[in-house]
Every structure is written in structure tokens, then in C-alpha cells.
Amino acid sequence: MRIRSSRVQVSGSFLAIVVAVVLLGGTPAALIAVLTIAVGGLRGPEARHFLLPNLANYAAFPVVAGLVFAAVTKASDLGPGDTEFAVLVFGLFVFALLLNFLFVAAYTKHMEGQPIRETARRALKPLLVSDMLAALLAVGISEVALHYGVGALVVFGLLLLGFQQLLGELLK
């Protein structure tokens, strides 16, 4: 399910990509992200000039986020059993969100001349609360998957579908 805020699309794939960074690493998460964008780009009505920058964005931000997450995890000697690990996953989500937003805002500035501050006001600010809730979901999904296995991901997948439906209704 995709949702629009201003002219920016929102989908549940971002949450799944961040969780993939935690569970699989940046490169596998980037592969998942690129496949998601490629399939969506072939099916979606978006202008074709957005497809290549979206592919580049979704190839880059999971890799960068994964490298930073791995470095911080290693340097701080944190793992799934540590309470602080949840804070690290939340921080990863926020960091990845900011990277993703900056890539999109920079492209919007380049193509349309719209200032990054204006893009933030129109696209990021209205979704900030739901993004922070999604960050908490990322923490929960990661913790449950790391402690209880793949079956738990199915339950969170169903919760995600419900969350997307709720977000879609709120943005109508």
C-alpha cells in the first residue's frame, strides 16, 4: 500500500528495509530496497524521471545506514541482548529516514528548485509522528525477530498492514 503526502510517496517498504539492515546488513537490505523500487516503478504511475533517482537513493541509504549501524554496534559492543540495542535500532531508523529524505529533497531542489526546508515542511513534518511510531515498530520487529525467529515476522507483517491502513485513512 502506498500513501501520498504532498507529492512524496510513503510505503511500508521503508520500515521493512530498516529492519532488513538490522537483521541482514546494509547490502542485502539495499538489494531488497532496489527490487522494491524497481517493481513499484514498473507498476506505478510515477513519472519515469523519478525511477532512476529512487533506485539510486534506495541503493545508497541502506548501505550507508548498514555501515554506520555495524560500526556503532561493533564500537559499542552492543548486541540484541542489550537494552541499549533497542535505542541503537531506533537511532538507525531516524538516521536512515534523514538520509532518505535528504536524497529526495536534494533531487527535488535540483529538478524543481524547491528549497530543502520547504520540502521538509511539506513532506517530512506531516509524517513525523507516524515515522517515529514506525521507528518503534522497527525496534519491536527487530527485537522479536532476533529473539523469537521468523514466525514473529509474520505477526509483525500483519501489524504493518494494519498500520499502513491506518496511516492511509489519516492522510485522506
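Residues numbered from 1 in each chain as written. Predicted model: local features only at pLDDT ≥ 70, side-chain atom pairs only at ≥ 80, totals over all residues. Heavy atoms only, no water.

Describing the packing of helix H1 (residues 13–24) against helix H6 (residues 128–148)
Axis separation between H1 and H6 bottoms out at 9 Å; the angle between their running directions is 40 degrees. Taken together, H1 and H6 sit at an angle that is classed as oblique. Seen from above, H1 lies across H6 with right-handed handedness. Where H1 approaches H6, its residues Leu15, Val18, Val19, Val22 and Leu23 are matched on the opposing element by Ala134, Leu137, Ala138, Ile141, Ser142, Ala145 and Leu146. (Axes fitted to C-alpha atoms, helices over the stretch in contact; angles between N-to-C directions. Helix = DSSP H or I, 4+ residues; strand = E, 2+ residues; numbered from the N terminus. Parallel < 35°, antiparallel > 145°, perpendicular 65-115°, else oblique. Left-handed = near helix turned anticlockwise from the far one by under 90°. Contact = heavy atoms within 4.5 Å.)

Quick word on the side chain of Glu143
In this fold, Glu143 is placed in helix H6. It turns out Glu143 is buried and unbridged, and the closest side chain with the opposite charge, Lys74, is 20 Å from it. Once you skip the residues sitting within four places of it in the chain, Glu143 turns out to touch Pro80, Phe85 and Ala86. (Buried < 20%, exposed > 50% of the residue type's maximum accessible area, 1.4 Å probe, protein only. Lys, Arg positive; Asp, Glu negative; His and termini not counted. Salt bridge = Lys/Arg side-chain N within 4 Å of Asp/Glu carboxyl O.)

Regarding the packing of H1 against helix H4 (residues 83–112)
Running from N to C, H1 and H4 point in directions that differ by 130 degrees, and their axes come no closer than 10 Å. Taken as axis vectors, H1 and H4 run oblique relative to one another. Crossing of H1 over H4 shows right-handed handedness. Note on element contacts: H4 touches H1 through Phe85, Val89, Leu92, Phe93, Ala96, Leu97 and Asn100, opposite Phe14, Leu15, Val18, Val21 and Val22. Tallied by class, the residues present in the contact of H1 with H4 amount to eleven nonpolar, one polar and no charged. (Nonpolar A, V, L, I, M, F, W, Y, C, P; charged D, E, K, R; others polar.)

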